[in-house]
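This is what each chain is made of:
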Amino acid sequence: MKKSVLIFIALLTSFAALAQQRISGIVLDEQSKESLPFANIFISKNKGTITDAEGKFILNLKKDITTIKVSYIGYKTITVPVDQNKTYLTIRLQRTQESLDAVVLYNKENPALQIMRDAIDRKKQNDPERKLKSFKLNAYNKLLVTANPDSINGQIDSIYTKKDGELVFKEVDSSNYSFKKDMTRSHIYMTEKVSEVSFSSSKGKREKILATRMAGFKEPIYEVLGIKIQSFSFYNNKYELFGTSYAGPMAGNALSKYAYKILDTVSNNNRESYMIYYSPKKKGETSGLEGILYIDRESYALQKGIAEIKGVIDIKAVQNFEYNETFEVWFPTDKKIQIRKGKTDDTVSLFGQAVKVQRGTPQDSTKTVRSNKQNVSDFIYLTSNTKNFDLSINEPVKIRGRGLAIEIEDLAHDRDEAYWSKFRTDSITKRGRETYVVLDSVIAEDGVEKDIYLARKLLKGYYPTKYIDLDLRYLVKYNNYEAFRLGLGGVTNANFSTKYRLNGYGVYGTRDKDFKFGVGGAARLDKRTQTWFGMSYTDDLVETGSSRFITDRRAFSLFEPRLFNIDLFYEVKRLTANIEHQITAKMHGNLMLSRSNVESTYDYGFVQNGQIFNAYDITEATLSIQWNPFSEYMQTRHGRNEIKKGFPQFAFQATKSFDGFLGGDFDYTKLDARIVHEIRPIDKGVTSFLLKGGLGIGNIPISHLYHTSPNNPNKDVLLQRFSIAGRNSFETMYFNEFFSDKYAMFQAKHKFKPFKITKGFRPELTLITRFAIGDADNIERHLGQQFNSLKHGFSESGFEINKLFAGFGLSFMYRYGAYHLPKFEDNLSFKFTYYFSLGF
């Protein structure tokens, strides 16, 4: 059983469902012998199936039939007798010169195109999310990873090896026998979910998860609940399957992306529809969507949608709609998605990542002979079924706040059987109940839930204990002023309190022989808006010229590249009070009041009104806003999580320093802004842009100017400057070379797909260009430090070759333009890079 669980986690493959009688076959063109994809197979007037993209079909029947009817536009409809002793049918259709050819000649174009134009043009009248003011429904979802035990022969396998042309017995393999036994008892995995879906034209759509159960887990893996397995509707411009977005076949620009063809006209609930086949016009490196749209002949609304992806794995998604006469709208009633092992080597995308086939060498397959030819992975399949019920339309709905995609009730993971029985639209079989029993036992015994909890914390930079999460950021760091910076930090977790938190850290520099620390606490004022009031005190070092947005979420990395070479710090003793508030689900704000005592660790004085300040006090008020309009968020009992990172993302911050208030020495204003954008086509590399700027007005000492992230050590020889390249830093700009009170910088990167040199050696090439411009007023007021302004514009370009060995790579950048240096090698930067990867 443990092996079965691992197969589910690793493969996510699928197969077919159980039935009493099974008939399969293929539909061919009688003359060309080519298969006919998506032909109609009827067992009665309104029941049947369609052939797949290869012309094949499977009928799982609960009662015997004597005939089936087969139709395909442009071909004669035929009735085929079914022999009870014959389970595979080869059906051949004859071409006819009627209907379609005449329509094509009359319109002088593919008639499917005009149908699709009308369907796309009428989306506003037909799409429930555009036509209706509001709706509310309940939905029950059941996901299974399983296999049909009747399809597995269960024979004990004898394994032989070939030696000198003869078969030599090696060992007995009982895995098929054990797997069949396990599948007879239970499924490989199972989850259930009950949701309340609410929609209003003013606030959009929100899913509230009322109940959820994942086999083996007391509390669900929230990251899994955040995965969009299948889009709510085919009307969207993007159709999403397992975390990957595809151009929708009914998108506004769909006619430029897809080719369309009429297959037939069919009847559904006494309403006829066009059966339109669609497929990508251009075949990409990863498989695209193809399938069928059933377009209502009266309203051009969608009656049914099918999307398929064929490759190393096969994915099939189906969504049915039902006509509501009261509101004259076709509304989605149910959806289903299946994944199974594919029959081709074509790459498929899951969760935004390419899934490629990995095969052994041909020699390996010829050296081993098995008596049982079955591979159990061929029989495993995943299926997810969602049924909508209790629909109400255009009645008042209450959606608190904006922009939240998923909200999980605190008790959703702790519902009893009586609660589940009220919402299940599909009963739990004996195998299903046993799945919970088996996996609850297996996962508890192996400590899987604890391991997942630990991994989740480690990825965020924490090591959890019962009440305190130790902060791994403070363990060890290095810079040119402190040398090694050793310490320990921590923050209380939800076991301590969900309403209050305490945090603190202490560090020691081995070169400056000084101890630094920070302490803080916060109280939650409102759960829904995640409003927290906090206070903190720090006695530490801060890099001169650095700036940060106080809304930036916690970031963790094994080490910080720029930190290694920094030597210009100032000492600060700072007391802060702040309020964090979730303005909307996609907009986060932070208001902070701080009083700081600043003292430089280097020779410096700032001249103001004839007085030289070597140490000074600063009182600041800062308001920061982070807005991610295209991201999606989920609210759990543990807080709010970003479940889909969307771009562009925007940040704005305003800072005001007060002269004379709480002892402040300076009066200035700083305005900062940042835009981050990424373009991620499926399996085609990543293009990213960063635009950032700041404007300072007033009396600003060097500690609070802008330095635009230089990362070039002040050494004379190129190899002496060999160090670690940063992520968004200027690699050819020397430390402390430029400071500005106003600046703008731009960075563009393009990371290509990894080069497939060998299985274990896949380096990545990234092209980079950066530009910065700025200025500093009254540089002469800054005593003891010599620096330049950026008023002529600073430029550098180059490339990185990453992941050459164990995550390490090389960076090459060249400085040019107005600040090009006379000595050629002084314009070069040659460094190493490091990108940590967990391999998934």
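Quantities reported herein were computed from a predicted structural model and do not represent experimental measurements.

Draft legend 1. Up close: the overall build of the protein chain. The helix and strand tally for the protein chain stands at 12 helices and 50 strands. Each principal axis of the C-alpha atoms in the protein chain carries an extent, and together these give about 105 × 75 × 60 Å. Across the 840 residues in the protein chain, those meeting the buried criterion constitute 47%. For the protein chain, restricting intrachain contacts to residue pairs at least 6 apart in sequence, the fraction spanning at least 24 positions comes to 64%. Of note, the protein chain has its 120 positive side-chain charges centred 3 Å away from the centre of its 96 negative side-chain charges.

Draft legend 2. The arrangement of the pattern of salt bridges in detail. Across all of its chains, the model carries 43 salt bridges by this definition. Here Glu129 ties to Lys205 by a salt bridge, and the two come within 3.5 Å at their closest N and O atoms. Taken together, the residues Glu129 in helix α5 (residues 128-131) and Lys205 in strand β12 (residues 204-214) connect sequence positions 76 residues apart. Given the relative accessible area of 32%, Lys205 is considered partly exposed.

Draft legend 3. Local environment of the side chain of Asn40. Locating Asn40 in the fold gives a position in strand β2 (residues 40-42). Exposure remark for Asn40: the relative accessible area of 4% places this residue in the buried category. Among the polar contacts listed, one links the side chain of Asn40 to the side chain of Asp264, at a separation of 3.1 Å. Beyond its immediate chain neighbours, meaning those up to four positions away, Asn40 contacts Thr49, Ile50, Lys69, Val70, Ser71, Asp264, Val266, Met275 and Tyr294.

Draft legend 4. Molecular detail of the pairing of strand β8 (residues 134-146). Among the 13 residues of β8, 12 are classified as buried, and the element is accordingly described as predominantly covered. Across 12 bridges, the pairing between β8 and strand β11 (residues 189-200) is antiparallel. Paired with Ser134 across the two strands is Ser200, which belongs to β11. The pairing of β8 with strand β24 (residues 381-393) spans 11 bridges and is antiparallel. Bridge assignment links Leu144 to a residue of β24, and that residue is Thr383.

Draft legend 5. Looking closely at the side chain of Arg206. Secondary-structure assignment places Arg206 in strand β12. A polar contact of 2.7 Å, which involves the side chain of Arg206, links it to the backbone oxygen of Arg400.

Draft legend 6. Representation of the environment of Tyr274 in the model. Within the fold, Tyr274 resides in strand β16 (residues 271-280). As for Tyr274 and Ile115, which are separated by 159 residues in sequence, their C-alpha atoms are 8.4 Å apart. Not counting chain neighbours up to four residues away, the residues in contact with Tyr274 comprise Ile115, Asp264, Thr265, Leu293, Tyr294, Ile295, Arg297 and Tyr300.

Draft legend 7. Up close: the nonpolar core. Formed by 73 residues in total, the largest nonpolar core has its most connected members in Leu241, Ile276, Leu289 and Ile295. Considering every element that reaches this core, the biggest residue donor is helix α3 (residues 111-121), with five residues. Not counting residues up to four positions away in its chain, the partners in contact with Ile276 are Ala112, Ile115, Met116, Tyr260, Lys261, Ile262, Gly291, Ile292, Leu293 and Ile295. By size, the runner-up hydrophobic cluster in this structure holds 28 residues, among which are Ile23, Leu36, Leu89 and Ile91.

Draft legend 8. Spotlight on the pairing of strand β32 (residues 531-543). Bridge count between strand β31 (residues 515-526) and β32: nine bridges; the pairing is antiparallel. Counted as the bridge partner of Gly521 is Met535 from β32. Joining the antiparallel neighbours β31 and β32 is a turn of four residues, in which Gln530 adopts a positive phi near 50 degrees. Of the pairings in the sheet, the one linking β32 to strand β33 (residues 569-584) comprises 12 bridges and is antiparallel in character. The residue bridging Tyr537 from the neighbouring strand is Leu575, located in β33.

Draft legend 9. Representation of a positive patch on the surface within the structure. A contiguous patch of positive charge, built from Lys203, Lys398, Arg400, Arg402 and Arg528, is present on the exposed surface. Note on placement: Arg402 falls in the loop between β24 and β25 (404-408).

Draft legend 10. Layout of unusual backbone geometry. In this structure, Pro648 follows Phe647 across a cis peptide bond, with omega equal to 0 degrees. Summarising the element assignment, Pro648 is placed in the loop between β39 (639-644) and β40 (649-657). Here the phi dihedral of Lys803 falls at roughly 60 degrees; this positive angle occurs in a residue that is not glycine. Residue position: Lys803 is located in strand β48 (residues 794-805). The class of Lys803 is partly exposed, set by a relative accessible area of 29%. Positive phi, normally seen in glycine, also occurs at Ala806, with a value near 50 degrees. Here Ala806 shows up in the loop between β48 and β49 (808-816).

Draft legend 11. Representation of helix α6 (residues 175-185). Within the sequence span of α6, burial applies to Asn176, Phe179, Asp182 and Met183. Buried positions in α6, seen along its axis, are confined to an arc of 125 degrees and lie on one side of it.

Draft legend 12. Inspection of the packing of aromatic side chains at higher detail. Enumeration according to the criterion identifies 39 aromatic pairs in this entry. Ring centres of Phe613 and Phe666 lie 5.2 Å apart, and the angle between their planes is 70 degrees; this geometry places the pair in the edge-to-face category. With Phe613 in strand β36 (residues 611-613) and Phe666 in the loop between β40 and β41 (668-679), the pair connects residues that are 53 residues apart, well separated along the chain. The side chain of Arg271 reaches across the aromatic face of Tyr323, ending 4.4 Å from its centre. Lying across the ring of Tyr835, Arg727 places its NZ or CZ 4.1 Å from the centre.

Draft legend 13. Region of interest: a nonpolar patch on the surface. Together, Leu525, Phe533, Met535, Leu575, Ile579, Leu591 and Leu623 line one region of the surface with nonpolar side chains, adding up to about 640 Å² of accessible area. Broken down by secondary-structure element, the contributors of at least two residues to the nonpolar patch are β32 and β33.

Draft legend 14. Focus on the packing of α6 against helix α11 (residues 430-446). For the pair α6 and α11, the least separation of the axes is 8 Å and the interaxial angle reads 110 degrees. By the criterion of interaxial angle, the relationship of α6 to α11 is roughly perpendicular. Packed against α6, whose contacting residues are Met183, Thr184 and Arg185, the element α11 presents Arg431, Glu434 and Val438 at the interface. Partitioning the contact of α6 with α11 into residue classes produces two nonpolar, one polar and three charged.

Draft legend 15. Main features of the environment of Ala215. Mapped onto the elements of the fold, Ala215 is located in the loop between β12 and α7 (222-225). With 232 residues separating them in the primary sequence, Ala215 and Gly447 have C-alpha atoms 14 Å apart. When neighbours within four sequence positions are excluded, Ala215 is seen to be in contact with Tyr189, Met190, Thr435, Tyr436, Leu439, Asp440 and Ile443.

Draft legend 16. Spatial organisation of the environment of Gly74. When you line up the elements, Gly74 lands in the loop between β5 (67-71) and β6 (78-81). Residue classification places Gly74 among the buried residues on the basis of a relative accessible area of 16%. As a C-alpha pair, Gly74 and Tyr834 span 760 residues in sequence and 60 Å in three-dimensional space. Beyond its immediate chain neighbours, meaning those up to four positions away, Gly74 contacts Gln94, Arg95 and Thr96.

Draft legend 17. Here's a closer look at the sheet that holds strand β3 (residues 48-50). An order of β3-β2-β5-β6 is seen for the four strands of this open sheet, with the pairing classed as antiparallel. Every interior strand has two partners, whereas the edge strands, β3 and β6, have only one. Going across the sheet, the axis of each strand differs from the next one's by a mean of 25 degrees, ignoring polarity. Here β2 pairs with β3 via three bridges, running antiparallel. The partner of Asn40 across the bridge, within β3, is Ile50.

Here is what the cut-offs are and how they apply
- Residues numbered from 1 in each chain as written.
- Predicted model: local features only at pLDDT ≥ 70, side-chain atom pairs only at ≥ 80, totals over all residues.
- Heavy atoms only, no water.
- Helix = DSSP H or I, 4+ residues; strand = E, 2+ residues; numbered from the N terminus.
- Buried < 20%, exposed > 50% of the residue type's maximum accessible area, 1.4 Å probe, protein only.
- Contact = heavy atoms within 4.5 Å.
- Lys, Arg positive; Asp, Glu negative; His and termini not counted.
- Charge placed at Lys NZ, Arg CZ, Asp CG, Glu CD.
- Salt bridge = Lys/Arg side-chain N within 4 Å of Asp/Glu carboxyl O.
- Polar contact = N/O pair within 3.5 Å; in protein donor to acceptor, adjacent residues only side chain to side chain.
- Pairing = 2+ DSSP bridges.
- Core = buried A, V, L, I, M, F, W, Y, C linked by side-chain atoms within 4.5 Å.
- Patch = residues over 30% accessible without salt bridge, like charges linked within 9 Å, V, L, I, M, F, W, Y side chains within 5 Å.
- Areas by Shrake-Rupley, 256 points an atom, 1.4 Å probe, with all protein chains shown as cover.
- Arc of directions from axis to C-beta.
- Phe/Tyr/Trp six-rings, centres within 6.5 Å; stacked < 30°, edge-to-face > 60°.
- Lys NZ or Arg CZ within 6 Å of the ring centre and 35° of its normal.
- Axes fitted to C-alpha atoms, helices over the stretch in contact; angles between N-to-C directions.
- Parallel < 35°, antiparallel > 145°, perpendicular 65-115°, else oblique.
- Nonpolar A, V, L, I, M, F, W, Y, C, P; charged D, E, K, R; others polar.

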